[in-house]
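Fold and contact review
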Amino acid sequence: MRPEIEAKLSLNPSLVTSVLTGFLRDEVTKVGFQKVVFGLSGGIDSALTAFLATEALGRDRVHAVLMPYRTSSRSSVEDALKVVEALQIPHTVIDITAPVDAYFAQVDRILGYEASALRRGNRMARERMVTLYDLSAAMNALVLGTSNKTELLLGYGTQFGDMASALNPIGDLYKCQVRQLAAHLGVPQSVLEKAPSADLWADQTDEKELGFTYDEADEILYQWVDLRMSPDEIVSRGYPERLVRGIVERVRRNQYKRRMPIIAKLSGRTIGLDFRYLRDWGT
Amino acid sequence: MAWSAFRVAIAQFAPKLGDVSANLTRHLEYVNEAQRANAQVVVFPELALTGYQTQDLTLEVARHVSHPDIRRLIEASRHVDVLFSFVEETDDCRFFVTAAYASGGRLVHRHRKLYLPTYGMFDERRYFAPGDHVRTFFAQGGQAGVLICEDAWHLSSPYLLAVQGASVIYVPASSPWRNTMAASDFGSHAFWRQLLQVYAQLCGCFFVFANRVGYEDGVHFYGGSGVMGPDGEWVAEGPASEDAMVVADLDFRMVRRARYTTPLMRDERVRLVLAEMQEALRRRATDETGD
């Protein structure tokens, strides 16, 4: 990453922590909740969410849920438990193998062919979402999101799966900023250092699958999204054209994942268009 | 000399979005607290009676100045002047972001927000009509003026009040914290602090900044209310991000000394400005009809 961009993306960690913990306290309690629940994968994003939530609400008001599948790497569960250990927070392990396998046993038979790795991965992400939302009702706790700005922009997540949540404290932080804040808050070293992975199949890593590094993505996204430079301008600054256009096209193609379903307009006041209220209406 | 000194209390808190009755109660509590602190003026943030992003709630939270809720706040100014902000509805059903100054149980002055931002995250002009006047009025501290949030980001606004002789400029605000990620940059927070410091010194007057706190749909309002003196130093500074009542004494001798030491407003060439503005307007009018 170029030094001037790196400087711009370097956080004031205590300031950001105070805004994000304030966000969690305020947005959770003013809608009548006291607790939060979130998936803890062993990765850095959910670890950061766990640290922020614990600092914001205290360990009695957070609940971590580990949801391994039979192919999940052993180190994922171990790392998630290190986070639980470091924060001394309550947690539950819910293995999603049985419901996911039962689903594909039936659907593969009906369709007559085996599901792709992508479909299986999406199904796992959505199984975890279903589990978290059920526990949300069981525990009277709001579901926290763990998607960062880089993956939300790239659309590197499952719609209505890991992208679903009630509140997301880290969705405006690029991946490199997630790393900085996680280090500042004391996320365990093994979580900070390992290669990011959705862990949907063996040896999967995000960067291998995306075809570029998170640092490359952050650097280009920051200039395009935040500084509003055109893709041409970014290319003229010496970045590979294929990389720049590839990233920009990914963001455009995945816009649908970041929006609520669109509604065919008929009336004078259509939800999402001209029926405008904040979600914090009345709070 | 118009005045010697008076005490201002700034009520920094998080209004409930769309709940006028709950917010009115908070206002009346702060009025009492300000009175107990022996303040002569209590100042509330922009739209503290309604919350900031009223959007389609505008129609139901809007109040005519004759509405009982507004009358109650005006009535509450019998012992301490009250500067409060709400969605004002006019007889002809226009909606303004208004700040009202009440004193002795009477409405003394109304300022309607001049500049309604629509860039970035803002969408104010969609719901509100812009005000057309920026005038001083006689109150505690002699000539005073009001600028609501974005008004103060336009160079001409404090200038127009200073030319009319304002020695105190009140700035009720709902300023969201943004562009605040970088270690080296405090974003809008830093911008406000620089702006108030420069304005106060250029105009030789006090600035009373009343910014709200709390969150609306993830947008954070950072507070940081306070009083900036004509020498460019903070007379009082409130905390960031939490409820507070910030109290400060405004001493006219500071204005007097500043205006003697650096007599920028005395030397201001208002007629030159007027003539050059007319010329600039004439030139602009050749390709657009700006106002």
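The coordinates are above.
This write-up is about the structure you can find in this document. (Residues numbered from 1 in each chain as written. Chains lettered and ligands numbered in written order. Predicted model: local features only at pLDDT ≥ 70, side-chain atom pairs only at ≥ 80, totals over all residues. Heavy atoms only, no water.)

For chain A, the helix and strand inventory stands at 13 helices and four strands. Against the compact-globule benchmark of 19 Å for 283 residues, chain A has a radius of gyration of 20 Å, which places it among compact chains. Along the longest, intermediate and shortest principal axes, the C-alpha atoms of chain A span 55 × 50 × 50 Å. Counting only residues that meet the buried cut, chain A has 50% of its 283 residues in that class. In chain A, once contacts between residues fewer than 6 apart in sequence are set aside, the share between residues at least 24 apart is 75%. If you sum the accessible surface of chain A, you get close to 13,800 Å²; carbon and sulfur atoms cover 55% of it. Averaging the locations of the 35 positively and 36 negatively charged side chains of chain A gives two centres separated by 5 Å. (Helix = DSSP H or I, 4+ residues; strand = E, 2+ residues; numbered from the N terminus. Rg over C-alpha atoms; globule rule 2.2 N^0.38 Å. Buried < 20%, exposed > 50% of the residue type's maximum accessible area, 1.4 Å probe, protein only. Contact = heavy atoms within 4.5 Å. Areas by Shrake-Rupley, 256 points an atom, 1.4 Å probe, with all protein chains shown as cover. Lys, Arg positive; Asp, Glu negative; His and termini not counted. Charge placed at Lys NZ, Arg CZ, Asp CG, Glu CD.)

Counting 135 residues, the largest nonpolar core has Phe38 of chain A together with Phe44, Tyr170 and Trp192 of chain B as the members making the most contacts within it. The biggest single contributor to this core is helix 3 (residues 44-57) of chain A, with nine residues. With sequence-adjacent residues up to four places away left out, tyrosine 170 of chain B is seen in contact with Phe6, Val8, Val41, Val43, Leu83, Tyr101, Gln140, Ala144, Gly145, Val146, Leu147 and Val208 of chain B. Formed by 23 residues, the second largest nonpolar core is a distinct cluster that contains Leu153, Leu210, Val235 and Tyr239 of chain A. (Core = buried A, V, L, I, M, F, W, Y, C linked by side-chain atoms within 4.5 Å.)

Before going further, it helps to spend a moment on the pairing of strand 10 (residues 213-216) of chain B. Residues and elements named next belong to chain B. Every second residue of strand 10 is oriented toward a common face, with Val213 and Tyr215 on one face and Gly214 and Glu216 on the other, all of them buried. Where strand 10 meets strand 11 (residues 219-222), four bridges bridge the pair, whose relative direction is antiparallel. Across the sheet, residue glycine 214 finds its bridge partner in strand 11, namely phenylalanine 221. With antiparallel pairing between neighbouring strands as the criterion, strand 10 and strand 11 make up a hairpin whose turn holds two residues, including aspartate 217 at a positive phi of roughly 45°. (Pairing = 2+ DSSP bridges.)

The next subject is helix 13 (residues 241-253) of chain A. Residues and elements named next belong to chain A. Here helix 13 is 13 residues long and its end C-alpha atoms lie 18 Å apart, about the 18 Å a rise of 1.5 Å per residue gives. When we look at burial in helix 13, the residues that qualify are Leu243, Val244, Ile247, Val248, Arg250 and Val251. Down the axis of helix 13, the sector holding all buried residues measures 155°, keeping them to one side. In helix 13, those exposed residues whose orientation departs by more than 90 degrees from the buried face are Arg242 and Arg252. Check the buried side of helix 13 and you find it contacts helix 7 (149-154), helix 10 (206-210), helix 11 (214-226) and helix 12 (231-236). (Expected span 1.5 Å × (residues − 1). Arc of directions from axis to C-beta.)

This part takes up the interface of chain B and chain A. Each partner contributes residues to the interface: chain B has 21 residues there, and chain A has 29 residues. The junction of chain B with chain A conceals about 2,200 Å² of combined surface from both sides, 55% of it contributed by carbon and sulfur atoms. Close ionic contact of aspartate 56 of chain B with arginine 269 of chain A constitutes a salt bridge, the shortest N to O distance being 2.8 Å. For the pair chain B and chain A, the number of links is 13 residue pairs in polar contact (both at pLDDT 80 or more). (Buried area = accessible area lost by both parts, 1.4 Å probe. Salt bridge = Lys/Arg side-chain N within 4 Å of Asp/Glu carboxyl O. Polar contact = N/O pair within 3.5 Å; in protein donor to acceptor, adjacent residues only side chain to side chain.)

Once that is clear, we can look at empty space enclosed by the protein. All names here are of chain B. Summed over all chains, the structure comprises one cavity of 30 Å³ or more. Roughly 90 Å³ of volume is contained in the largest cavity. Lining the largest cavity are 14 residues, with Phe122, Cys149, Glu150, Pro176 and Arg178 positioned closest to its centre. In terms of residue class, the lining of the largest cavity is built from seven nonpolar, two polar and five charged. (1 Å grid on protein atoms, 1.4 Å probe; cavity = no way out; pocket = protein on both sides within 12 Å on 5 of 7 lines; lining within 4 Å. Points joined across faces, edges and corners; volume = space filled by probe spheres on them. Nonpolar A, V, L, I, M, F, W, Y, C, P; charged D, E, K, R; others polar.)

Here we take up the sheet that holds strand 4 (residues 95-103) of chain B. As a general point, the strands of a sheet are linked pairwise by backbone hydrogen bonds and lie either parallel or antiparallel. Residue and element names in this part refer to chain B. On the basis of which strands lie adjacent, the open sheet formed by six strands has the order 5-4-3-2-1-14 and mixed pairing. Each edge of the sheet is formed by a strand with only one pairing partner; in this case those strands are strand 5 (106-112) and strand 14 (244-251). Going from strand to strand, the sheet's axes swing by 30° on average, the running direction of each strand aside. Where strand 3 (residues 81-89) meets strand 4, eight bridges bridge the pair, whose relative direction is antiparallel. When the sheet's bridge partners are listed, phenylalanine 84 is paired in strand 4 with alanine 100. Where helix 1 (residues 20-36) meets the sheet, it contacts strand 1 (5-12), strand 2 (41-43), strand 3 and strand 14, and its direction lies at approximately 45° from that of strand 14. (Axes fitted to C-alpha atoms, helices over the stretch in contact; angles between N-to-C directions.)

Turning our eyes to something else, we now look at the packing of aromatic side chains. If you walk through the whole model with that rule in mind, you get 18 aromatic pairs over all chains. Centre to centre, the rings of tyrosine 277 of chain A and tryptophan 281 of chain A are 3.8 Å apart; their planes meet at 10°, and the pair counts as stacked. In textbook terms, an aromatic cluster arises when at least three aromatic residues are bridged by ring pairs, as seen for Trp153, Phe191, Trp192 and Phe209 of chain B. The ring of phenylalanine 96 of chain B is capped by arginine 112 of chain B, whose NZ or CZ atom sits 4.4 Å from the centre of that ring. The positively charged end of arginine 212 of chain B is found above the aromatic ring belonging to phenylalanine 221 of chain B, 4.1 Å away from the centroid. (Phe/Tyr/Trp six-rings, centres within 6.5 Å; stacked < 30°, edge-to-face > 60°. Lys NZ or Arg CZ within 6 Å of the ring centre and 35° of its normal.)

All names here are of chain A. Taken together, the four strands give an open sheet; going across it, the order is 3-2-1-4, and neighbouring strands pair in parallel fashion. Among the strands making up the open sheet, the edge pair consists of strand 3 (91-93) and strand 4 (141-143). Across the sheet, the axes of successive neighbouring strands diverge by a mean angle of 25°, strand direction being ignored. Pairing between strand 1 (residues 35-39) and strand 2 (residues 62-66): four bridges, direction parallel. Following the sheet pairing, valine 36 is matched in strand 2 by valine 62. Sitting on the sheet, helix 4 (residues 74-87) is in contact with strand 2 and strand 3, with an inclination near 170° to strand 2.

All we've got here are geometric facts, nothing functional implied.
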